[in-house]
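# Architecture at a glance
The residues making up each chain are set out below.
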Amino acid sequence: LPPSLALQNMSISVSNNGVDFSFSTSRFAFLPPATLLALSPSSGPVSGGTTLTLSTSSLSAEMVMRLNLRCFFDEASSQATRQGDVLTCMAPALSRRTARVSVASEDNSYVLAGSLLYKFAEAATITR
């Protein structure tokens, strides 16, 4: 993908024979692929509320803003925000032991490659 086309809305035309084209008012945005690389911390309480830091490749601030990215913990999700060179999001409350964390646009039209495992732990209790 040439850098001149990245994050630009382009017109689309389609042809079955290379001669007759259909033109549409729909627009298409070319977005470079991005990958989820790392997550920290890798565990937190089942009550949720832990702020996660996610390292990614090829994810610009403009893409984060344009795509309305979310962190998905299997079926639960939370809003992703960009903090410098990383994404942050908050772990939801989940009663299961582990969840696959992935990042995608809210409408799932853009998905970062890869997913990482996050562990949920019960709070420790102290007894006498």
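Residue numbers restart at each chain and count upward from 1, following the sequence in its written direction. Local features in this predicted model are restricted to residues of pLDDT 70 or higher, and side-chain atom pairs are both shown and tallied only at a pLDDT of 80 or more, whereas totals for entire chains, interfaces and linings draw on every residue. Note: side-chain values were computed over all heavy atoms of the structure, leaving out hydrogens and water.

### Concerning the state of the cysteines
The rule for a disulfide is simple: a pair of cysteine sulfur atoms within 2.5 Å. Per the stated rule, a full pass over the model turns up one disulfide. Between the sulfur of cysteine 71 and that of cysteine 89 lies a disulfide, 2.3 Å long from S to S. Across the disulfide from cysteine 71 to cysteine 89, rotation about the S-S bond amounts to roughly -100°, and the bridge is consequently left-handed. Here cysteine 71 is found in strand 6 (residues 69–73), whereas its partner cysteine 89 is found in strand 9 (residues 86–90), with 18 residues between them in sequence. The exposure classification of cysteine 71 matches that of cysteine 89, with both residues buried. Numbering of helices and strands runs from the N terminus; a helix is a DSSP stretch of H or I covering at least four residues, while a strand is a stretch of E covering at least two. Exposure is judged per residue with a 1.4 Å probe applied to protein chains only, and the accessible area is read against the type maximum: over 50% gives exposed, under 20% gives buried, and values in between give partly exposed.

### Considerations on the nonpolar core
Nonpolar side chains in soluble globular proteins tend to end up buried together. What we call a nonpolar core is a set of buried Ala, Val, Leu, Ile, Met, Phe, Trp, Tyr and Cys residues that are connected through their side-chain atoms within 4.5 Å. With 27 residues, the main nonpolar core has Leu54, Leu69 and Phe73 as its most contacted residues. Those elements that place two or more of their residues in this core are strand 3 (35–40), strand 5 (51–57), helix 1 (61–67), strand 6, strand 9, strand 10 (98–105) and strand 11 (116–121). Throughout, a residue-residue contact means that at least one pair of heavy atoms, one from each residue, lies within 4.5 Å. Contact partners of leucine 54, with chain neighbours within four places excluded, come to Leu36, Ala38, Cys71, Val86, Leu87, Thr88, Cys89, Val101 and Val103.

### What about the confidence of the model for the chain?
Per-residue confidence for the chain gives a mean pLDDT of 84; residues scoring 70 or more make up 87%. Confidence of the predictor at the level of single residues is captured by pLDDT, which takes values from 0 to 100. Highest mean pLDDT in the chain belongs to strand 11 (95); lowest belongs to strand 2 (residues 22–29) (69).

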